[in-house]
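The chain contents come next:
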Amino acid sequence: MPTVHWFRRDLRLADNPALVAAVEAARRADDAVVPLFVVDPGLWTAAAGPRVAYLARSLRALDAALDGRLVVRHGRPQDVVPAVAREVEAPTVHVTAATEPYGRRRDDAVAQALGDVPLVATGSPYAVAPGRLRTQQGSPYEVFTPFRRAWLDHGWSAPAPRPRSVPWADVRGDGVPDEPATTVDLPAAGEAAARRRWATFVADALADYDEDRDRPDLDGTSSMSVPLKYGELHPRTLLADLAGAGSSASVATYRSELAWREFHADVLWHHPDAARRSLRTVVPEDAWATGPAADDAFAAWAEGRTGYPLVDAGMRQLRAIGWMHNRVRMVTASFLVKDLHQRWQRGAEHFLAWLVDGDVPQNQLNWQWVAGTGRDAAPYFRVFNPVLQGRRFDPDGTYVRQWVPELRGIPGGAVHEPWKLPAAAAPDYPPRIVDHAQARAAALEAYGRR
DNA sequence: TACTTTTTAGG
DNA sequence: CTAAAAAGT
């Protein structure tokens, strides 16, 4: 009687406690493990975006690591998981615990449909499970810094060993679905590729992370958002490697970035509606721009033709490779909310549609942070100046020229203010759609009468 | 994880 | 007068 391991947000074999539990149960029963992946209906549609294309690639890599035995079935989990369990007469089904509230409800439905077969949820996609940490008063953490302190004090378990010589069951599936067409140039997918990228980062860039992570013109970040989103790597693995990398400022900063990720998961766990609604109202509803002019401005932002080089470079990088440097995500998001006066939800939706690492907790709560609507957010009056940010973090203009071909003829940091140059310098680059100083003043005025 | 304006220190 | 620090948005 083989046990079932249901892969969900854990497309990996290493450091996977739920898989370890499934393998142990199978060994006790002297039987095999069924590696199951459920394709939700509606995921592979005509509108499938770069995330689904990447998921298909990652599934293909997982299938290869399993010698072609990955069992992919289409349908709702509450239908598919019990069907497979009945088919192979599994005594238990193992899965990594859900984190989002909607995930927990789905698990309830699966557990109920399984009847007598237990659904064993082991571990979490996070180093510390969302909802675990509480203040001394027993309330959820609302502020990052005390959360991080508690998170560091709490600690986490060591990486789980990768199961060796697993007897994978030979069960027929529907096969890994075809990769939907996408214009996005996707990164290499799969657990092995993620491990290689991480090892390269630790060896080459971690020492300078504190200094270089805000520089979109350098390869100073780890690009782990994608593997973390799909569970190709577990944050515990990264934390264990960081512990072995000393105690420099760079290591502490990287660990702190992981803490932000866990904080956002924790906040969403406690406030499920934060995925859609502002946690705080900072400006009156009637202050947001709406109508055809706002729609035009949004399109200019989304397509990277605002006339602000750093904003346009970021938005074009997003469309080209499904990823944007974090510093530029903050600048472009600030521009939509505080220069174009549009609700963060609209921008978050666009990011989710294009980002390969698009993750509801991270995307929505980082947008709330920029918009100033989060619990522990940047104050609304903290407005990013796209020119100053460009001069500071892309001093030679390399990043802008990489993504905005119309500006390639302008050398150095002057590329951040093309309007100060003769019109012939960049004839094809669009003029500014708003004046930043005026737009900023208008945003602060709206904030003042909230 | 901003930026601008005002105030103050220092030569 | 300049630059740094502080205050305010």
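Quick caveat: nothing in here was measured; it's all calculated off a predicted structure. (Residues numbered from 1 in each chain as written. Chains lettered and ligands numbered in written order. Predicted model: local features only at pLDDT ≥ 70, side-chain atom pairs only at ≥ 80, totals over all residues. Heavy atoms only, no water.)

**Q** Even after reading the chapter, I still don't get the overall build of chain A, so can you show me in this structure?
**A** Looking only at helices and strands, one finds 18 helices and five strands in chain A. Its C-alpha atoms give chain A a radius of gyration of 23 Å, near enough to 22 Å, the size a compact globule of 450 residues would have. Oriented by its inertia axes, the alpha-carbon framework of chain A measures out at about 75 × 50 × 50 Å. For chain A, the proportion of contacts with a sequence separation of at least 24, taken over those separated by at least 6, is 78%. When the accessible surface of chain A is totalled, it reaches about 19400 Å², and 50% of it is carbon and sulfur. (Helix = DSSP H or I, 4+ residues; strand = E, 2+ residues; numbered from the N terminus. Rg over C-alpha atoms; globule rule 2.2 N^0.38 Å. Contact = heavy atoms within 4.5 Å. Areas by Shrake-Rupley, 256 points an atom, 1.4 Å probe, with all protein chains shown as cover.)

**Q** Looking at this model, I keep getting lost on the pairing of strand S2 (residues 33-39). Mind explaining?
**A** Sheet faces and side chains relate simply in a regular strand, where the side chains alternate between the two faces. Most of S2 sits out of view: seven of its seven residues are buried. Side chains of S2 alternate between two faces, with Val33, Pro35, Phe37 and Val39 and Val34, Leu36 and Val38 buried alike. Direction of pairing for strand S1 (residues 3-7) relative to S2: parallel, over a ladder of five bridges. In the strand pairing of S2, threonine 3 is matched with valine 33. Bridging between S2 and strand S3 (residues 71-74) involves four bridges; their strand directions are parallel. Bridging from a neighbouring strand, phenylalanine 37 pairs with valine 72 of S3. (Buried < 20%, exposed > 50% of the residue type's maximum accessible area, 1.4 Å probe, protein only. Pairing = 2+ DSSP bridges.)

**Q** Hey, could you run me through helix H5 (residues 144-154) in this one?
**A** In an α-helix, one turn spans 3.6 residues; hence positions three or four apart end up facing the same way. Turning to H5, its buried residues number three or more, namely Phe144, Phe147, Ala150 and Trp151. Looking straight down H5, one finds that the buried residues subtend no more than 130° of arc, so they occupy a single side. Exposed and facing more than 90 degrees away from the buried side of H5 are Arg149 and Asp153. Packing partners of the buried residues in H5 comprise helix H9 (235-243) and helix H10 (249-270). One or two steps after H5, the chain reaches glycine 155, where phi turns positive at roughly 75°. (Arc of directions from axis to C-beta.)

**Q** Got a minute to help me understand the side chain of serine 334 in this structure?
**A** Here serine 334 lies in helix H13 (residues 326-339). Relative accessible area serves as the criterion here: at 0%, serine 334 is assigned to the buried category. With near-sequence residues (within four places) excluded, serine 334 lies in contact with Asp339, Val370, Val383 and Phe384.

**Q** Got a minute to help me understand the packing of aromatic side chains in this structure?
**A** In this description, an aromatic ring pair is defined by two values, namely the gap between the centres and the angle between the planes. In the structure shown here, the tally under the stated rule is 20 aromatic pairs. With a centroid separation of 4.7 Å and an interplanar angle of 45°, the aromatic rings of tyrosine 54 and tyrosine 230 are classed as tilted. Of the two residues, tyrosine 54 is situated in helix H2 (residues 50-65) and tyrosine 230 in helix H8 (residues 225-230); the sequence distance between them amounts to 176 residues. By the burial criterion, tyrosine 54 is buried, and tyrosine 230 matches it. The side chain of lysine 229 reaches across the aromatic face of tyrosine 230, ending 5.6 Å from its centre. The ring of phenylalanine 393 carries arginine 327 above its face, with NZ or CZ at 4.1 Å from the centroid. (Phe/Tyr/Trp six-rings, centres within 6.5 Å; stacked < 30°, edge-to-face > 60°. Lys NZ or Arg CZ within 6 Å of the ring centre and 35° of its normal.)

**Q** Please explain the nonpolar core as it appears in this structure.
**A** When a protein is soluble and globular, its nonpolar side chains tend to lie buried together. By size, the foremost hydrophobic cluster in this structure holds 76 residues, and its most contacted members are Phe37, Leu70, Trp301 and Trp367. Sorting elements by how many residues they give to this core places H13 first, with seven residues. If sequence neighbours within four positions are ignored, leucine 70 has contacts with Phe7, Pro35, Phe37, Leu59, Leu62, Asp63 and Val176. Ala150, Trp151, Leu239 and Val267 belong to the second-largest nonpolar core, a separate cluster that totals 31 residues. (Core = buried A, V, L, I, M, F, W, Y, C linked by side-chain atoms within 4.5 Å.)

**Q** How should the protein's contact with DNA strand B be read in this particular structure?
**A** In the region of DNA strand B, 14 residues are neighbours, and Trp260, Arg327, Met330, Arg382 and Asn385 sit closest. Among all atoms of DNA strand B positioned within 4 Å of the protein, those belonging to sugar or phosphate total 53%. Here a phosphate oxygen of DNA strand B sits 3.0 Å away from a polar atom, N or O, in the main chain of asparagine 385. Contact between DNA strand B and glutamine 389: a phosphate oxygen at 3.3 Å from a side-chain N or O atom of the residue. Among the elements that take part in the surface near DNA strand B, helix H16 (residues 386-393) stands out by supplying three residues, more than any other. A class-by-class count of the residues in the surface near DNA strand B yields seven nonpolar, two polar and five charged. (Near = heavy atom within 4 Å. Polar contact = N/O pair within 3.5 Å; in protein donor to acceptor, adjacent residues only side chain to side chain. Nonpolar A, V, L, I, M, F, W, Y, C, P; charged D, E, K, R; others polar.)

**Q** Just to check I follow, could you spell out the packing of helix H12 (residues 309-321) against helix H14 (residues 344-354) for this structure?
**A** Packed helix pairs are characterised by how far apart their axes lie and by the angle those axes make with each other. Where H12 contacts H14, the axes come no closer than 9 Å and their chain directions differ by 40°. Facing Met315, Leu318 and Arg319 of H12, the residues of H14 in contact are His350, Phe351 and Trp354. Split by residue class, the contact of H12 with H14 holds four nonpolar, one polar and one charged. (Axes fitted to C-alpha atoms, helices over the stretch in contact; angles between N-to-C directions.)

**Q** Explanation requested: the UniProt feature "binding site: FAD" (unreviewed entry) in chain A in the structure shown.
**A** In this structure's numbering, the residues bearing the UniProt feature "binding site: FAD" (unreviewed entry) are Tyr209, Thr221, Ser222, Ser223, Met224, Ser225, Tyr254, Asp357, Gly358 and Asp359. An extended arrangement is adopted by the annotated residues: their sequence extent is 151 residues, and the largest C-alpha distance between any two is 23.1 Å. With respect to the helices and strands, methionine 224 occurs in the loop between helix H7 (209-212) and H8. Using a relative accessible area of 2% as the deciding quantity, one classes methionine 224 as buried. (UniProt positions renumbered as here; feature names shortened; annotations may be inferred.)

**Q** How do you make sense of the domain arrangement of chain A when you look at a structure like this?
**A** Frequently, the measure chosen for interface size is the accessible area removed from exposure when the parts meet. Each assigned domain of chain A is listed here: domain 1 (3-124), domain 2 (126-158 + 191-270) and domain 3 (285-448). If you look at the interface, domain 1 gives 17 residues, while domain 2 gives 18 residues. The contact between domain 1 and domain 2 buries some 1600 Å² in all, and 45% of this surface belongs to carbon and sulfur atoms. Considering only the side of domain 1, the residues that lose the most area to domain 2 are Arg9, Asp15 and Ser124, jointly responsible for 33% of the buried surface there. (Domains from an automatic or database assignment. Buried area = accessible area lost by both parts, 1.4 Å probe.)

**Q** It is not clear to me how helix H4 (residues 101-114) should be interpreted in this structure. Could you clarify?
**A** The end-to-end C-alpha separation of H4 is 20 Å, in line with the 20 Å expected for 14 residues at 1.5 Å each. For H4, every residue scored as buried is listed here: Pro101, Gly103, Asp107, Val110 and Leu114. Relative to the axis of H4, the buried residues are bounded by an arc of 165° and lie together on one face. Set apart from the buried face of H4 by more than 90 degrees, the exposed residues are Arg105, Asp108 and Gln112. (Expected span 1.5 Å × (residues − 1).)

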